[in-house]
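Spelled out from the first residue to the last, the chains are:
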Amino acid sequence: MIAVEDTVLILLAAGRSDRFGPGNKLEEPFLARPLGLHVAVALEDMPFRERIVVVDGCTIDYAAHHFSVLHNDATDRDMASSVRMGVDCARARDAKAVLIALADMPRVTAAHIYRLFDAAADLDGQAVVASSDGTTPRPPVLFGRDRFEEVLAITGDQGARDLIQAGRHVVANAAELIDVDTREDLERLRELVHAPEALLRPDSHLLRAGSSEERRAAFDHLE
């Protein structure tokens, strides 16, 4: 059985974000806080052994949320290099498992993460338990320590996909596993949850709907 208390949380907050365009997507406002902070806050009451975040220039103050901050400044950095950096650090600190989450998945809940641990109850160090929307496995993903060498050998996205494809999968609502890759993804997510930031778009149906008092109240919430 893998205990949360023996597990290191690794939050990946580094990457080129080429598809998003100018700016850092993790610093974009979503429900009145930076997009990249939502997962950290959602999991803050889980008693992880330690919390590590891998960044590459993001200005979010993860240290204020009890994360050790690692900087991935490699010019050829990709998700695999950030994963290796985080897992190598966790192994050095004698973690029995790592839980890898992405900072651009702001809808992940602690309840879902606990279900990953439940699914790993009989796997111990051999655990590979990934999330799934019912079709495709993806992060967050839990790795037992006997899998660390395999994780550290990953290069490129395909290696990670192959490893989690062969593991155990826990299905969650697809809306909980939304990741933000483009500005369009972010705008759709804001509209989906009726985020107040959606009102900043001139073409937003939220801006056109409702009474003047309701629209004013929504803008006041942004201040």
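By convention here, each chain's residues receive numbers from 1 onward along its written sequence. Two thresholds apply to this predicted model, a pLDDT of at least 70 for residue-level local features and 80 or more for giving and counting side-chain atom pairs, whereas whole-chain, interface and lining totals are computed over all residues. To get the side-chain values, take all heavy atoms of the structure and skip hydrogens and water.

Visitor: Whenever I open this one, the overall build of the protein confuses me. Can you help?
Guide: What the protein contains, in helices and strands, is eight helices and nine strands. Type-normalised accessible area, obtained with a 1.4 Å probe on protein chains alone, sets the label of each residue: buried when under 20%, exposed when over 50%, and partly exposed for intermediate values. In the protein, buried positions account for 46% of the 223 residues. By definition in these notes, contact holds between two residues if any of their heavy atoms fall within 4.5 Å. When contacts within the protein are restricted to residue pairs at least 6 apart in sequence, long-range pairs at least 24 apart make up 68% of them. In short, Shrake-Rupley with a 1.4 Å probe defines the accessible areas, and a residue's cover is counted only from the protein chains shown. As displayed, the protein has an accessible area near 10,800 Å², and 50% of this comes from carbon and sulfur atoms. We count a stretch as a helix when DSSP gives it H or I for four or more residues in a row; a strand needs E for two or more, and each element gets its number in order from the N terminus.

Visitor: What should I look at first to understand the packing of aromatic side chains in this one?
Guide: Remark: the centre distance and the inter-plane angle together describe each pair of aromatic rings, the angle taken between the planes. A pair of Phe, Tyr and Trp rings is counted when the ring centres sit within 6.5 Å of each other, with Trp represented by its six-membered ring. The angle between the planes then sorts it: under 30 degrees is stacked, over 60 is edge-to-face, the rest tilted. Under the counting rule described, the total for this entry stands at two aromatic pairs. Between the aromatic rings of Phe48 and Phe117, the centroid separation amounts to 6.5 Å while the plane-to-plane angle is 50°, which identifies the pairing as tilted. Here Phe48 is found in the loop between helix H1 (38-42) and strand E4 (50-55), whereas its partner Phe117 is found in helix H3 (residues 110-119), with 69 residues between them in sequence. With respect to burial, Phe48 and Phe117 carry one shared label: buried. Between Tyr62 and Phe67 the ring centres are 5.9 Å apart and the planes differ by 65°, which places this aromatic pair in the edge-to-face class. As far as burial versus exposure is concerned, Tyr62 and Phe67 are alike and both buried.

Visitor: Any chance you could explain the pattern of salt bridges here in plain terms?
Guide: Any two side chains of opposite charge can pair, on the condition that their charged atoms come close. The term salt bridge refers to a side-chain nitrogen of Lys or Arg lying within 4 Å of a carboxyl oxygen of Asp or Glu. Inspection of every chain in the model, using the stated rule, returns 12 salt bridges. Across the pair Glu50 and Arg93 runs a salt bridge whose closest N-O atoms are separated by 2.0 Å. Note that Glu50 is positioned in strand E4 and Arg93 in the loop between helix H2 (79-92) and strand E6 (97-102), a separation of 43 residues in sequence. Between Asp88 and Arg91 there is a salt bridge, and its shortest N-O distance comes to 3.2 Å.

Visitor: Sorry if this is basic, but what is going on with H3 here?
Guide: Helical periodicity: at 3.6 residues per turn, an α-helix aligns residues three or four positions apart in one direction. Looking at H3, one finds that the buried residues are Ala110, His112, Ile113, Leu116, Phe117 and Ala119. As for H3, its buried residues are in contact with strand E1 (7-13), H1, E6, strand E7 (128-132), strand E8 (137-144) and strand E9 (168-171).

Visitor: Quick question: what am I supposed to make of the environment of Gln165 here?
Guide: Its location among the elements puts Gln165 in helix H5 (residues 156-165). Taking the relative accessible area as the measure of exposure, Gln165 reaches 48% and is therefore partly exposed. The spatial distance from the C-alpha of Gln165 to the C-alpha of Val128 is 9.2 Å, given a sequence separation of 37 residues.

Visitor: Sorry, what's going on with the pairing of E6 here?
Guide: Successive side chains on a regular strand alternate, one facing one side of the sheet and the next facing the other. Summarising burial for E6: six of the six residues are buried, a large majority. Burial of E6 is two-sided: the residues Ala97, Leu99 and Ala101 facing one way and the residues Val98, Ile100 and Leu102 facing the other way are all buried. Direction of pairing for E1 relative to E6: parallel, over a ladder of six bridges. Across the sheet, residue Ile10 finds its bridge partner in E6, namely Ile100. We treat two strands as partners when DSSP finds at least two bridges between them.

Visitor: How should the pairing of E4 be read in this particular structure?
Guide: With six of six residues buried, E4 lies mostly within the body of the structure. The alternating pattern of E4 places Glu50, Ile52 and Val54 and Arg51, Val53 and Val55 on opposite faces, both of which are buried. With six bridges joining them, E1 and E4 adopt parallel strand pairing. Bridge assignment links Ala13 to a residue of E4, and that residue is Val55. The pairing of E4 with strand E5 (residues 68-71) spans four bridges and is classified as parallel.

Visitor: What is the right way to look at the side chain of His112 in this model?
Guide: With respect to the secondary-structure elements, His112 resides in helix H3. What makes His112 buried here is its relative accessible area of 0%. In contact with His112, not counting residues within four places along its chain, are Ser131, Val170, Ala172, Glu176 and Leu177.

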